[in-house]
Amino acid sequence: MDISTRESGLSVGEAAARVGLTAYTLRWYEQEGLVAPVGRDSAGRRRYTDADLDWLVLLTRLRRTGMPVRDMRRYAELARLGDRTLGARRALFEAHRARVLARMAELEEDLKVLNYKIDIYRKAEEGR
């Protein structure tokens, strides 16, 4: 990344806000090895590029879907190793997708119970 890109990138706070994290969480992601070292401006401040933001969006989606940090860390490590890890990355995502689908099925069942109870209370209120 050239210096003009670094100077025009986003600060920690701006990048965090753009992807829906706190600056503290973004720094924690870096400490945990989830984010590759970010470029810095001439004053030594972190500057996040569009590619950095894309990576952060992926991390936030993985976390939001319940991927454990250890799996996110493993994915980051694999991604940094390049194309020779494509199969391992796919397998990691397939396993996570299976967990997400199972959780969605559980939530569907939970939603059915909620809807049932709502209907009971609505009918009881109407019967008053």
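Since the model is a prediction, treat every value here as computed from it, not as a measurement. Position numbers for residues start from 1 in each chain and track the written sequence from start to end. The model is predicted, so local features are restricted to residues of pLDDT at least 70 and side-chain atom pairs to those at 80 or more, both for listing and for counting; the totals for chains, interfaces and linings are taken over all residues. To get the side-chain values, take all heavy atoms of the structure and skip hydrogens and water.

Engineer: Explain the nonpolar core to me, please; I cannot follow it from the model alone.
Structural biologist: Across soluble globular proteins, nonpolar side chains have a tendency to be buried as a group. We define the nonpolar core as a collection of buried residues of types Ala, Val, Leu, Ile, Met, Phe, Trp, Tyr and Cys that are connected through side-chain atoms lying within 4.5 Å of one another. Buried residues are those whose accessible area, probed at 1.4 Å on protein chains only, stays under 20% of the maximum for their type, while exposed residues exceed 50% and partly exposed ones sit between those limits. Counting 21 residues, the largest nonpolar core has Tyr-29, Tyr-48 and Leu-56 as the members making the most contacts within it. Helical segments are the DSSP runs of H or I of at least four residues, strand segments are the runs of E of at least two, and each set is numbered from the N terminus. Those elements giving two or more residues to this core turn out to be helix H2 (12-19), helix H3 (23-31), helix H4 (50-64) and helix H5 (69-80). Note on contacts: a residue pair is in contact if any heavy atoms of the two residues lie within 4.5 Å. Leaving out residues up to four positions away in the same chain, Leu-56 has contacts with Val-19, Leu-26, Tyr-29, Val-35 and Tyr-48.

Engineer: Got a minute to help me understand the packing of aromatic side chains in this structure?
Structural biologist: The geometry of an aromatic ring pair comes down to the distance between the two centres and the angle between the two planes. Two rings from Phe, Tyr or Trp (for Trp, the six-membered ring) form a pair when their centres sit within 6.5 Å of each other. Planes less than 30 degrees apart are called stacked, planes more than 60 degrees apart edge-to-face, and all others tilted. If you walk through the whole model with that rule in mind, you get three aromatic pairs. Relative to Tyr-29, the ring of Trp-28 has its centre 6.0 Å away and its plane inclined at 55°; by these criteria the two rings are tilted. Residue Trp-28 is classed as partly exposed on the basis of its relative accessible area, which comes to 29%. Note on Trp-55 and Tyr-75: the rings are 5.5 Å apart at their centroids and 10° apart in plane angle, and the pair reads as stacked. Residue Trp-55 is found in helix H4, and its partner Tyr-75 is found in helix H5; the two are separated by 20 residues along the sequence. What makes Tyr-75 buried here is its relative accessible area of 9%. Taken together, the aromatic side chains of Trp-55, Tyr-75 and Phe-93 make up a single cluster linked through ring pairs.

Engineer: What's the story with the side chain of Asp-71 in this structure? I'm lost.
Structural biologist: Along the chain, the position of Asp-71 falls in helix H5. Asp-71 gets classed as buried once you look at its relative accessible area, which sits at 14%. Once residues within four sequence positions are removed from consideration, Asp-71 is found in contact with Leu-92 and Arg-99.

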